[in-house]
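What follows is each chain in one-letter form.
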Amino acid sequence: GGSAEKLEIASDQARGEGQVKGVFNYNEEGANIVHFVKSLGIKGVDVIYDTVGGNKNAKDLLRLIKFGGRFLVIGWTSTPLAGGGRGAGADHATANSVPTNLIMMKGAQVIGCPVAIHTRLNPAIRKQRLQTIDEWVKQDLIKPYSSHNFAFNQFREALLAKWNRSITGNCILRCQD
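What you see is a predicted model, and the numbers here were worked out from it, not measured in a lab.

Peer 1: Outline helix α6 (residues 124–138), listing residues and values.
Peer 2: The first and last C-alpha atoms of α6 sit 23 Å apart over 15 residues, in line with the 21 Å expected at 1.5 Å per residue. Where α6 ends, the next residue or the one after it, Asp-140, has phi of about 60 degrees, a positive value.

Written as C-alpha cells, this is what we have:
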C-alpha cells in the first residue's frame, strides 16, 4: 500500500489462513519489495496479484515467485495512458514490459485477469462470480470495505474522490435515502 492508513485498513480486512505476514509501504524511501519479503523469512510466493504493472514492478515481483507460481495481471495503472493518462510518470518505453527470462526461470504462468472485459464478452460468468463472492463473505473469508458513502446528487464528488485516490476499498453511491 501507499500509506500507513491504507495498510492498516487492508490488514484489518485480512481473513482466512495465512492472513497478514507484514505490511509494505511502497512510498517509503528505499522501499524494496524483494528485501521486505525475504526479511519475513518467506522463501517465495505462490501467487502474485499485480494491479499496477510496469517493467520495474514485474521484475521485482517475479523475483519473489516460487517455481511454477502464477502471476496475475489485474491492472495496468503504470501504463502512461491508463486512466486517461494519469500513469504517474510511467516510462513509455517499458511500462508494459514483462521480463520473459524470469518467467522461464521460474516456470511461471502469467495470467491476464481483466474482469470487466471478461464480463462484457461473456455476461454469463457474472452470476457465478457474484455467487462465489457472496459465499466468501458469508464464510467470513472476505469483508468488503467502503471508505466513503455518497448521496446520488454527490456523484461528481464520488467520481473525483475515486479519481484522486482518496477512496480506500470502494465507495457507495446511494440512489435513494
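Peer 1: Got a sec to walk through the nonpolar core? Specific residues and values, please.
Peer 2: Within the largest apolar cluster, 15 residues are counted, with the highest numbers of intra-cluster contacts made by Ile-33, Leu-61, Leu-62, Leu-64, Ile-65 and Phe-71. Mapped by element, the contributors of at least two residues to this core are α2 (33–39), α3 (55–64), β2 (65–73) and α4 (100–106). Setting aside chain neighbours within four positions, we find Leu-64 in contact with Ile-33, Val-34, Val-37, Gly-44 and Val-45.

Peer 1: So what about the sheet that holds β2? Which residues, and what values?
Peer 2: The strand order across the open sheet formed by 3 strands is β1-β2-β3, and the pairing between neighbours is parallel. Looking along the sheet, the strands with just one partner apiece sit at the ends: β1 (45–50) and β3 (109–112). Within the sheet, the average angular offset between the axes of one strand and its neighbour, ignoring direction, is 15 degrees. Examined bridge by bridge, β2 and β3 share 4 bridges and lie parallel to one another. The residue of β3 that forms the bridge with Phe-71 is Val-110.

Peer 1: Describe the environment of Ile-111, with residues and values.
Peer 2: Residue placement: Ile-111 occurs in strand β3. With 41 residues separating them along the chain, Ile-111 and Arg-70 place their C-alpha atoms 7.2 Å apart. Excluding its chain neighbours within four sequence positions, the residues that come into contact with Ile-111 are Arg-70, Phe-71, Leu-72 and Val-73.

Peer 1: Go over the pattern of salt bridges with me, naming the residues and quoting the values.
Peer 2: Scanning all chains against the criterion turns up 3 salt bridges. Taking the shortest distance from any N to any O, the salt bridge between Arg-63 and Asp-60 comes out at 4.0 Å. Of this pair, Arg-63 and Asp-60 both sit in helix α3, 3 residues apart, which is roughly one turn of the helix. A relative accessible area of 44% places Arg-63 in the partly exposed class.

Conventions we followed
Residues numbered from 1 in each chain as written. Predicted model: local features only at pLDDT ≥ 70, side-chain atom pairs only at ≥ 80, totals over all residues. Heavy atoms only, no water. Helix = DSSP H or I, 4+ residues; strand = E, 2+ residues; numbered from the N terminus. Expected span 1.5 Å × (residues − 1). Core = buried A, V, L, I, M, F, W, Y, C linked by side-chain atoms within 4.5 Å. Buried < 20%, exposed > 50% of the residue type's maximum accessible area, 1.4 Å probe, protein only. Contact = heavy atoms within 4.5 Å. Pairing = 2+ DSSP bridges. Axes fitted to C-alpha atoms, helices over the stretch in contact; angles between N-to-C directions. Salt bridge = Lys/Arg side-chain N within 4 Å of Asp/Glu carboxyl O.

These figures capture arrangement, not role.
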